[in-house]
Every structure is written in C-alpha cells, then in structure tokens.
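Here is how the chains run, residue by residue.
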Amino acid sequence: MSAGGHFAYSQARLQARLGQSTDPADLQRVHAARDLAGFISAVRTTPQRRYATRLTPGLDAHELERHLRYEWVTLVDEVARWQPAPWQEAIRWLRWLPYLP
C-alpha cells in the first residue's frame, strides 16, 4: 500500500471532524456569555459540545483546566488511533502540548 493509502482513513476522519465547525451565530452566542454557566450552556449547543460534557459552573480554575486537559488527551489518543501504526506514538506526543510553557 502506498504511503498515501495509509493516511487515507485518518484524513477522511479528520476532514469529517473538522467539517463540524461552529457557525458564526453559535460563536456569537458563546462569545456573548456573561458568566461560566452561560458559556458552558452555549458551548453545549455547538458541535464542540463533546469537549464541555465534564464542565460545570461550580468548578474552580484548576478543575476546569484538568478537565480540558483530559479532553485534549482523549482527542489526541483518538486521532492517534486513526493513524498508521508507525505514526501513532509521534501523534501521541501531542498530549504534552498543554503542559509546555
């Protein structure tokens, strides 16, 4: 199989995921939120709702960050599974990005 064939599956998955972008009206509603509860509620009406399922308004900043990092690691692992085996560990390295200064 050619190198391009190895990445065809992951490319199709990534394009499908990126195709679920938030429309401008949703973004405007999210940006207009005046507090964390409103922000979380607005995000949950967008295609990005999967990243806000564990968020609640009562969380402090450290807990929010921990949950968002968890979502990031989960997403990186998911994307890594779509890649050809020789590339999976390289993609998984991206887990560490939120911890860099």
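Quick caveat, the model's predicted, so the values are computed rather than measured.

Draft legend 1. Up close: the overall build of the protein. For the protein, the helix and strand inventory stands at five helices and zero strands. The C-alpha atoms of the protein give a radius of gyration of 16 Å, which is well past the 13 Å a tight globule of 101 residues would have. Once the C-alpha set of the protein is aligned to its principal axes, its extents read approximately 50 × 30 × 20 Å. Looking at the protein as a whole, 23% of its 101 residues are labelled buried. Taking the contacts inside the protein whose residues are at least 6 apart along the sequence as the reference set, 39% of them involve residues at least 24 apart. Carbon and sulfur atoms make up 61% of the accessible area of the protein, which amounts to about 7,200 Å² in all. In the protein, 13 side chains carry a positive charge and 10 a negative one; their mean positions are 4 Å apart.

Draft legend 2. Expanded view of helix α3 (residues 36-43). When we look at burial in α3, the residues that qualify are I40, A42 and V43. Projected onto a plane normal to the axis of α3, the buried residues spread over an arc of 165° and lie on a single side. Considering only its buried residues, α3 is in contact with α2 (24-31).

Draft legend 3. Structural view of the packing of aromatic side chains. Using the criterion set out here, one finds two aromatic pairs in the structure. Measuring from centroid to centroid gives 5.7 Å for F7 and W87, while their planes differ by 70°, and the two rings are edge-to-face. Of this pair, F7 sits in helix α1 (residues 3-18) while W87 is found in helix α5 (residues 85-92), placing the two residues 80 residues apart along the sequence. A relative accessible area of 27% places F7 in the partly exposed class. Ring centres of W96 and Y99 lie 5.8 Å apart, and the angle between their planes is 55°; this geometry places the pair in the tilted category. Across the ring face of Y70, the terminal group of R54 is positioned such that the distance to the ring centre comes to 4.3 Å.

Draft legend 4. View of a nonpolar patch on the surface. Residues W93, L94, W96, L97, Y99 and L100 make up a contiguous nonpolar surface patch of about 620 Å² in total accessible area. Its place among the elements puts L97 in the segment after α5. The exposure class of L97 is partly exposed, given its relative accessible area of 36%.

Calculation rules
- Residues numbered from 1 in each chain as written.
- Predicted model: local features only at pLDDT ≥ 70, side-chain atom pairs only at ≥ 80, totals over all residues.
- Heavy atoms only, no water.
- Helix = DSSP H or I, 4+ residues; strand = E, 2+ residues; numbered from the N terminus.
- Rg over C-alpha atoms; globule rule 2.2 N^0.38 Å.
- Buried < 20%, exposed > 50% of the residue type's maximum accessible area, 1.4 Å probe, protein only.
- Contact = heavy atoms within 4.5 Å.
- Areas by Shrake-Rupley, 256 points an atom, 1.4 Å probe, with all protein chains shown as cover.
- Lys, Arg positive; Asp, Glu negative; His and termini not counted.
- Charge placed at Lys NZ, Arg CZ, Asp CG, Glu CD.
- Arc of directions from axis to C-beta.
- Phe/Tyr/Trp six-rings, centres within 6.5 Å; stacked < 30°, edge-to-face > 60°.
- Lys NZ or Arg CZ within 6 Å of the ring centre and 35° of its normal.
- Patch = residues over 30% accessible without salt bridge, like charges linked within 9 Å, V, L, I, M, F, W, Y side chains within 5 Å.
- Salt bridge = Lys/Arg side-chain N within 4 Å of Asp/Glu carboxyl O.

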